[in-house]
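Residues per chain are reported as follows:
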Amino acid sequence: MSDGTKNGQVLTELQQLRSIVLGEYTLEVDQRLHDLEVKLRNAQVDLAQAIDDANTLGSSEVQAVRDLIDDKIDKMQFDVTNELKAIQEQLAKIQESFVDKKQLGSLMIQLGQQIQANSAD
């Protein structure tokens, strides 16, 4: 067996081990956190624009802008709360699929023995 084939097989086994330990949930949590960051940045830009607009308006118009800002803040807090709940649910799923350290150690030993056996060939 060539070194390239051995290395490819080891890499595939390590990727399989990673998916066993970490699972797909971590990818989903990362994506949700990224989406939340994007939403927060967009909300920050919207609110900054509303404040700039408010500085050029009269007193009755200022109150309307304040109301709009309050509505946006309320909506943003609702979205953030929902996203955080979804993230917490994903983290709970990750904890449910916890891999025992002894089991992981045993898998690593087996993988090491297999690599060592393949290297001897």
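In the block above lies the structure referred to throughout.
Residues numbered from 1 in each chain as written. Predicted model: local features only at pLDDT ≥ 70, side-chain atom pairs only at ≥ 80, totals over all residues. Heavy atoms only, no water.

S.K.: Which residues make up the overall build of the chain, and what values go with them?
M.R.: Summing up its helical and strand segments, the chain has four helices and zero strands in all. Element order for the chain, N to C, with α for helix and β for strand: α-α-α-α. Sequence separation of 24 or more characterises 82% of the internal contacts of the chain that already satisfy a separation of 6 or more. Entry remark: accessible area of the chain is about 9100 Å², with carbon and sulfur atoms responsible for 54%. (Helix = DSSP H or I, 4+ residues; strand = E, 2+ residues; numbered from the N terminus. Contact = heavy atoms within 4.5 Å. Areas by Shrake-Rupley, 256 points an atom, 1.4 Å probe, with all protein chains shown as cover.)

S.K.: Let's hear about the environment of V10: which residues, and what values?
M.R.: As for its position among the elements, V10 is in helix α1 (residues 3–22). The spacing of V10 and Q114 is 104 residues in sequence and 9.1 Å in space, taken between C-alpha atoms.

S.K.: Which residues make up the pattern of salt bridges, and what values go with them?
M.R.: As enumerated under the stated definition, the model contains three salt bridges in all. Note that K39 and E83 form a salt bridge whose closest N and O atoms lie 3.5 Å from each other. Within this pair, whereas K39 is found in helix α2 (residues 25–54), its partner E83 is found in helix α3 (residues 59–96), the two being separated by 44 residues in sequence. Judged by relative accessible area, E83 falls into the buried class, the value being 16%. We note a salt bridge from D46 to K72, for which the minimum N-O separation is 3.9 Å. Residue D46 is located in helix α2, and its partner K72 is located in helix α3; the two are separated by 26 residues in the primary sequence. (Salt bridge = Lys/Arg side-chain N within 4 Å of Asp/Glu carboxyl O. Buried < 20%, exposed > 50% of the residue type's maximum accessible area, 1.4 Å probe, protein only.)

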